[in-house]
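Here is how the chains run, residue by residue.
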Amino acid sequence: LPIYCICTLPPPILRTTAHDFGPMVKNTLNIIPFQNSARIGLQFKRRFWEDDDRIFGGISWTNQPINEIYYPSHGFFQPKGVLIGYYMFGPPSDEVTQLAPAARIEYALRQGEKLHPQYRAEFDNAFSVNWSTVPHIKGCLSHFPEKLTKTLYPFLIKPDGNLHLAGDWASHLGGWQAGAFESARHVVKNIHAKVAAS
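Residues numbered from 1 in each chain as written. Predicted model: local features only at pLDDT ≥ 70, side-chain atom pairs only at ≥ 80, totals over all residues. Heavy atoms only, no water.

Q: Got a sec to walk through the confidence of the model for the protein? Specific residues and values, please.
A: Across the protein, the average pLDDT comes to 92, with 100% of residues at 70 or higher. Per-element mean pLDDT across the protein ranges from 80 in helix 7 (residues 146-151) up to 98 in strand 5 (residues 68-71). (pLDDT = per-residue confidence, 0-100. Helix = DSSP H or I, 4+ residues; strand = E, 2+ residues; numbered from the N terminus.)

Right, here's the structure in full:
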């Protein structure tokens, strides 16, 4: 029976890994628009968004670089709580990635307090993640503009001999588990069809 390779390494890792992929796959991997993302969790001494503002879960969208604030939909009325203080993609996330951890906290507090004046008085602790600095990913997700969906994407999901690329980044749903499942199903169907025909 033939041997198949299902490769799920994301493009930023594959670009710097020695391989013998065909020229079309190699070129496709080099130009996939793979973008960064950044998040920060802000812990507060009390759940002021519930106590003061009657917010129980959901998202506040802003016109600031922090983009959005997520409120937890669990642990209601507990003494403390954690908000997602920013969730950014692309250039804004690249900028915040360059900041030291303390500066990222200040960045989130300064913008967040415009919506919630309680931020500074109630702030307790924080933890931030920048996907471009995570060693085994080096980024967050792929996003295919319409033009690339028609020109580049077909090469990405087409097998190169017995090599199949898979992952959320190899789907129309980059950054989502649903994309990873869709990609896996596509690859399994291709391999099943080949084996059944042999």
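Past the structure itself, the notes keep going.
Q: Talk me through the nonpolar core; I want residue IDs and the actual numbers.
A: Ranked by internal contacts, the top residues of the largest apolar core, which has 19 residues, are Leu42, Phe44, Trp49, Leu83, Tyr86 and Tyr119. Of all the secondary structure elements, the ones that give two or more residues to this core are strand 3 (37-44), helix 3 (48-51), strand 5, strand 6 (81-89) and helix 5 (101-112). Looking at this core element by element, the count peaks at 4 residues for strand 3. Not counting the four nearest positions on each side in its chain, Leu83 is found in contact with Ile40, Gly41, Leu42, Phe44, Phe48, Trp49, Ile69, Tyr70, Tyr71, Pro72 and Tyr119. Counting residues in each nonpolar core, the second largest holds 15 residues, with Leu29, Ile32, Leu156 and Leu165 among its members. (Core = buried A, V, L, I, M, F, W, Y, C linked by side-chain atoms within 4.5 Å. Buried < 20%, exposed > 50% of the residue type's maximum accessible area, 1.4 Å probe, protein only. Contact = heavy atoms within 4.5 Å.)

Q: I'd love a proper account of the layout of surface pockets, names of residues and values included.
A: There is about 450 Å³ of room inside the largest pocket. If you go around the largest pocket, you meet 19 residues; those closest to its centre are Tyr87, Cys140, Leu141, Gly175 and Trp176. Its residues assigned to classes, the lining of the largest pocket comprises 11 nonpolar, 5 polar and 3 charged. (1 Å grid on protein atoms, 1.4 Å probe; cavity = no way out; pocket = protein on both sides within 12 Å on 5 of 7 lines; lining within 4 Å. Points joined across faces, edges and corners; volume = space filled by probe spheres on them. Nonpolar A, V, L, I, M, F, W, Y, C, P; charged D, E, K, R; others polar.)

Q: Residues and numbers for a nonpolar patch on the surface, please.
A: On the surface, a nonpolar cluster with roughly 300 Å² of combined accessible area is contributed by Phe56, Phe76 and Phe77. Take Phe76: it is sitting in the loop between strand 5 and strand 6. (Patch = residues over 30% accessible without salt bridge, like charges linked within 9 Å, V, L, I, M, F, W, Y side chains within 5 Å. Areas by Shrake-Rupley, 256 points an atom, 1.4 Å probe, with all protein chains shown as cover. Salt bridge = Lys/Arg side-chain N within 4 Å of Asp/Glu carboxyl O.)

Q: Could you give an account of unusual backbone geometry, with specific residues and numbers?
A: Even without glycine at this site, Asn67 takes up a positive phi of about 75 degrees. Structurally, the position occupied by Asn67 is in the loop between strand 4 (58-61) and strand 5. Since its relative accessible area comes to 24%, Asn67 is described here as partly exposed. Of note in the backbone geometry, Lys138 takes a positive phi value of approximately 60 degrees without being a glycine. Mapped onto the fold, Lys138 is located in the loop between strand 7 (123-130) and strand 8 (141-142).

Q: Account for the pattern of salt bridges, with residues named and values stated.
A: One pass over the full model with this rule turns up 10 salt bridges. Residue Lys150 is joined to Glu146 by a salt bridge in which the shortest nitrogen-to-oxygen separation is 3.4 Å. With Lys150 and Glu146 both in helix 7 and 4 residues apart, this pair spans about one turn of that helix. Each member of the pair, Lys150 as well as Glu146, is classed as exposed. Salt bridges sharing common partners tie together Arg46, Asp51, Asp52 and Glu122.

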